[in-house]
Amino acid sequence: MIRLQNIEKVYRTDTIETLALNSVSLDVAKGEFLSIMGPSGCGKSTLLNIMGLLDVPSKGSIKIADKATENLNDKQLAQFRNKTLGFIFQSYHLINDLQVLDNVELPLLYRDTTAKERKMLATEALEKVGLANRVKHFPTQLSGGQRQRVAIARAIVGRPDIILADEPTGNLDSAMGNEIMDILINLNRNEGTTIVMVTHDENMAHKTHRLVRLFDGSQVQ
Amino acid sequence: MLKNYFKIAIAVLKRRKFFTFISLFGISFTLTILMVLTAFIDKVAGDNYPDKKRDRLLYVNRIEQKGKDNMNSGTLSYYFLSHYTAMMKTPVKVAISSGFSGTNTYVNNKKIAVSYKYTNAEYWDVMDYDFTEGKPFNKQQVDNADRVVIISEDMKKQYFGDAGPVVGKYFEADNVSYRVIGVVKNVPVTSYMFFSDIYMPYTTSKADYKSKSYGGGYMGVLMAANKDDVPKMQAEYENLMKRVPVESKDFQHLYSHANTFFSSYVDTGNEGTSGVFIVVTAISIFVFIFMLLPTLNLVNINITRIMERSSEIGVRKAFGASSKTLVYQFIVENLILTLLGGIIGTILSVIVLAVINNADLIANLQLSINFTVLFIALLVCLVFGFLSGVYPAWRMSKLNVVTALKAQ
């Protein structure tokens, strides 16, 4: 599903060159639930961003769903992300000015959908994460766990093939973290969604199919 | 999609109330000032009471004589206007009138300030004053120096109170009694060439209207048979002035022009500088600065506003918004803001004009909204809204997603 080949990422400032990723190659199979672990600053988030086409590697190639992504322009990239990828962030990144339903509808705005379809799909996605009764709330009126569930609903509303989650349980206590983890596991099991998750938490990582460890920008396991 | 933009735009406006207030205040205040200014210009330059036949008229307000060390400039004498314009062939009629002057009169020991003006008989043919009572004086009355007077409605009310018809009654000014023969609708003082409280035949003037000196207290309005004759009439006056001898050896040059309404209205009385140029330049600079400030202010505020939404930008990009779509969204949001300002500005203009009219700051001046200008101003609002949104939106769309998401 995702094929990374010899990915290298170098950050340059005027004085220092930092190698964030050093020749990482990784294959993620369709329907796989993969977790990436490693100490802070080892490059796991960078790797995830590159998989999500949010960042470009300095070297190497990425194929997602058998599609080479190097030569896509801004608009094509946007469309590709919209159809294929869903994102979950550690700090949720919900839009506080919008109600829960509008937040979940967001990815659908960038597709050819009617307002009615959007509402239907968003409600459905919220049902899956158990928040159907919170559609009119604003994000600030919700707990952290609820916010992350809204973010998951937003990530799955467009039925993407792949979900990329950057420490989805990082800001939550273990009970709430387990809830979120269960939702992701069910999603993977029932819908066959490929999930790549960055985490610090060994327990969470062991619930996934495969674990990849990074250290100083290189894959160690 | 648009509904969604609208929702978020309103939410953002509500969130930063102070910024919103500053932006809206800037836009609506600018618009209000412009509307009041144009209402003023419109009234002053566009109101054609009582000179309704303006497209057939040329105005002669000044004469200037220049020598090496001497310069003499001012309004003209009755003699000059009547003597020289009588030589012209194109004008079918020539209205001659003095500028208005002030005096006092007393009714029941109450002092009333009165502006008075002397005119010839043709003045009433050239001008279209609305008579609510009586009629103008004719040539015979003027030649006989009859003590007759035409008064404004305003003066009628002040002098006679709410009495019925006043034609035939007597009006005393400067210890002379004049018989009222007509009442006309008020002229605002901004139409200074035609404004007065009372109008009398020039022959009743105590000043020497027979004096042959060029300068005096009079102005002339030349009327052509139709508007096609106006350029011809203007040329004829210019030619005539080339032949008119200077008054004394002290002077070498003599200038006097028959101008169209606008250029005569803003005449500086200085041969070297055009009044039109000064007025147009001054107004343009004023308008430009007045529009520029809120625009810069808006650009600045917009940058702050948009940049503090970098998390939203990152999320939208991650979930499939292209840079173009985002630019479009922020421009739409900005247009909503400026249009809102436009609407508030329009309402404010109506209120301010109503207050000015009610306060009677300038007698008989009724200002009203110029709808063409309102339309243009709203259009300008939109253009500014667009421009002040484009730059911040463009900067924002260049934002890298990862950076945008980290910024929170």
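Residues numbered from 1 in each chain as written. Chains lettered and ligands numbered in written order. Predicted model: local features only at pLDDT ≥ 70, side-chain atom pairs only at ≥ 80, totals over all residues. Heavy atoms only, no water.

Topic: the overall build of chain A
A tally of helices and strands in chain A yields seven helices and ten strands. Relative to its 221 residues, chain A shows a buried fraction of 54%. Look at the contacts in chain A between residues 6 or more apart in sequence, and 72% of them connect residues 24 or more apart. Here chain A has roughly 10,000 Å² of accessible surface; of this, 45% comes from carbon and sulfur atoms. (Helix = DSSP H or I, 4+ residues; strand = E, 2+ residues; numbered from the N terminus. Buried < 20%, exposed > 50% of the residue type's maximum accessible area, 1.4 Å probe, protein only. Contact = heavy atoms within 4.5 Å. Areas by Shrake-Rupley, 256 points an atom, 1.4 Å probe, with all protein chains shown as cover.)

Here we look at helix H12 (residues 371–397) of chain B
One turn of the α-helix equals 3.6 residues, which is why residues spaced by three or four share an orientation. Between its first and last C-alpha atoms H12 of chain B spans 38 Å; for 27 residues at 1.5 Å apiece the expected length is 39 Å, and the two agree. Buried within H12 of chain B are the following residues: Val-373, Leu-374, Ala-377, Cys-381, Gly-385, Ser-388, Gly-389, Pro-392, Ala-393, Met-396 and Ser-397 of chain B. (Expected span 1.5 Å × (residues − 1).)

Describing the interface of chain B and chain A
How big an interface is tends to be stated in terms of the accessible area lost upon association of its parts. Counting residues at the interface gives 25 residues for chain B, matched by 24 residues for chain A. In this assembly, chain B packs against chain A so that about 2,300 Å² is buried in total across both faces, 59% of it on carbon and sulfur atoms. In this assembly, chain B and chain A are joined by zero salt bridges. Taken together, the elements giving at least two residues each to the side of chain B that touches chain A come down to helix H1 (2–15), helix H10 (310–318), helix H11 (323–359) and helix H13 (401–406) of chain B. Residue composition of the side of chain B that touches chain A, grouped by class: eleven nonpolar, nine polar and five charged. (Buried area = accessible area lost by both parts, 1.4 Å probe. Salt bridge = Lys/Arg side-chain N within 4 Å of Asp/Glu carboxyl O. Nonpolar A, V, L, I, M, F, W, Y, C, P; charged D, E, K, R; others polar.)

Re the packing of helix H3 (residues 100–109) of chain A against helix H5 (residues 144–156) of chain A
All names here are of chain A. Put simply, H3 and H5 touch, their axes get as near as 7 Å, and they point 35° apart. The handedness of the crossing between H3 and H5 is right-handed. Counted together, Val-100, Asn-103, Val-104 and Pro-107 of H3 and Val-150, Ala-153 and Arg-154 of H5 form the full contact between these two elements. For the contact of H3 with H5, the residue count by class is five nonpolar, one polar and one charged. (Axes fitted to C-alpha atoms, helices over the stretch in contact; angles between N-to-C directions. Left-handed = near helix turned anticlockwise from the far one by under 90°.)

Points about H5 of chain A
The first and last C-alpha atoms of H5 of chain A sit 18 Å apart over 13 residues, in line with the 18 Å expected at 1.5 Å per residue. If you follow the buried residues of H5 of chain A, they end up packed against strand E6 (85–88), H3, helix H4 (115–128), strand E7 (162–166) and helix H6 (174–191) of chain A together with H10 of chain B.

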